[in-house]
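# Architecture at a glance
Residues per chain are reported as follows:
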Amino acid sequence: MEKVSKVEVMNYLDKEIAGAIPQFLKPIDEIWQPADLLPQSRNEEFFDQIKELQQKAGNLPYHLLAVLIGDTITEEVLPTYESWLSLVQPANEDREGGWNQWIRAWTAEENRHGDVLNKYLYLSGRVNMREMEISTQHLLADGFDIGTARDPYRSFIYTSFQELATNLSHRRVAQFAKQAGDDVLAKICGNVASDEARHANAYKSFASKIFEIDPSEMLLAFEDMMRKKILMPAHFLREKGLAKGVSFRHFSEAAQQIGVYTATDYINILQSLIKEWEIETRRFLSDAGERARDFIMALPGRLTRLTERMNPPKSCYQFSWIHPAK
Ligand SMILES: [Fe+2]
Ligand SMILES: [Fe+2]
């Protein structure tokens, strides 16, 4: 089979990606905005609405609030993700090329997530905003190291996985918020989750195109990312005075403990991608591609056996982000 370069593949994909913008992203003038979901300060009922919002937020369990804060910080670190995507090579350097248009339009959708969640947390009365803001600034300054380098194949594997993971975690927070009686937060997280689902579909479709054109190399990228493990974009999360990544460990323990995002979810996402990209039936591969396919196919079983041996974490960590109960 004739060997194609990643530059050629990405150039071919550029038009497809331009076409994906209206398919997977919503028109700006029609999509929800944070103002649709939160009390507006000009309204006469504003202060009553805030009181009600705070009463409902007061019933959110501690770990759910901690996970929500971690999710919010993750969303607020959008400049890191945008600058990383714009370095993905070999992208079309034309500012009006499909890839660059996509990055801007995706960023525009994502920007609303940190915005709406931050405003909600500010109004909730439960969050030490200064401590949270320090964590956000640290995370921006620390960046991330997710192992994709500037490779588009690895980057599309990563974004496909990551958008599925954020969809799931926001969806679960929405569910738990609803159970706790906070319909405002449930609606916010539900809206964010549905954006993430569209983004996941987009990145999965870009990756599918690459699997059609260059399956062996794409399998190698998939294998490499799974060997490194998919790191969450906030893996350097910290609080004031703590080392890089310390708060991320507490955050992910809390998420695992309450069932917002667990080791089993990681395996389920992997399995859904294996199915989506028809990994099992990929044939006519290079020798390395065959080995990568076999590695990936065996991975969910191996991870499941490992997970069965793990003890579920029990977190009693107190985050500086959350005010102690009055
Ligand atoms: Fe997001
Ligand atoms: Fe997203």
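Heads up: the structure comes first, above all this text.
Our subject in this report is the structure included herewith. (Residues numbered from 1 in each chain as written. Chains lettered and ligands numbered in written order. Predicted model: local features only at pLDDT ≥ 70, side-chain atom pairs only at ≥ 80, totals over all residues. Heavy atoms only, no water.)

## Some words on the coordination of the iron ion (ligand 1)
How we decide: Distances define the donors: N, O and S atoms within 2.8 Å of the metal qualify, as do those within 3.2 Å of Na, K or Ca. Water is excluded, so some sites may look unfinished. Numbering of helices and strands runs from the N terminus, with a helix taken as a DSSP run of H or I at least four residues long and a strand as a DSSP run of E at least two residues long.
Binding of the iron ion (ligand 1) to the protein goes through Glu75 (OE), Glu75 (OE), Glu110 (OE), His113 (ND1) and Glu196 (OE), at separations of 2.0 to 2.5 Å. Motif for the iron ion (ligand 1), donor spacing along one chain: E-x34-E-x2-H-x82-E. Separating the iron ion (ligand 1) from the iron ion (ligand 2) is a gap of 3.9 Å, which Glu110 spans by donating to each of them. Of this pair, Glu110 and His113 both sit in helix α6 (residues 98–124), three residues apart, which is roughly one turn of the helix.

## Quick notes on empty space enclosed by the protein
Put simply, the rule reads: In this analysis the probe radius is 1.4 Å and the grid spacing 1 Å, with only protein atoms considered; a cavity is a set of points the probe fits into but cannot get out of, a pocket is an open set with protein on both sides within 12 Å along at least five of seven lines, and lining residues have an atom within 4 Å of a point. Grid points are joined across faces, edges and corners, and a volume is the space filled by probe spheres set on the points. Any residue that is not Ala, Val, Leu, Ile, Met, Phe, Trp, Tyr, Cys, Pro, Asp, Glu, Lys or Arg is counted as polar, Gly included; the first ten are nonpolar and the last four charged.
Taken as a whole, this structure holds one cavity of 30 Å³ or more when the rule is applied. Put simply, the largest cavity is a space of about 230 Å³. Lining the largest cavity we find 16 residues, and of these Tyr81, Trp106, Gln162, Glu163 and Pro233 sit closest to its centre. Counting residues per element, the ones that place at least two in the lining of the largest cavity are α4 (62–76), α5 (78–85), α6 and α8 (152–179). Per-element accounting of the lining of the largest cavity gives the leading share, five residues, to α8. In terms of residue class, the lining of the largest cavity is made up of eight nonpolar, four polar and four charged.

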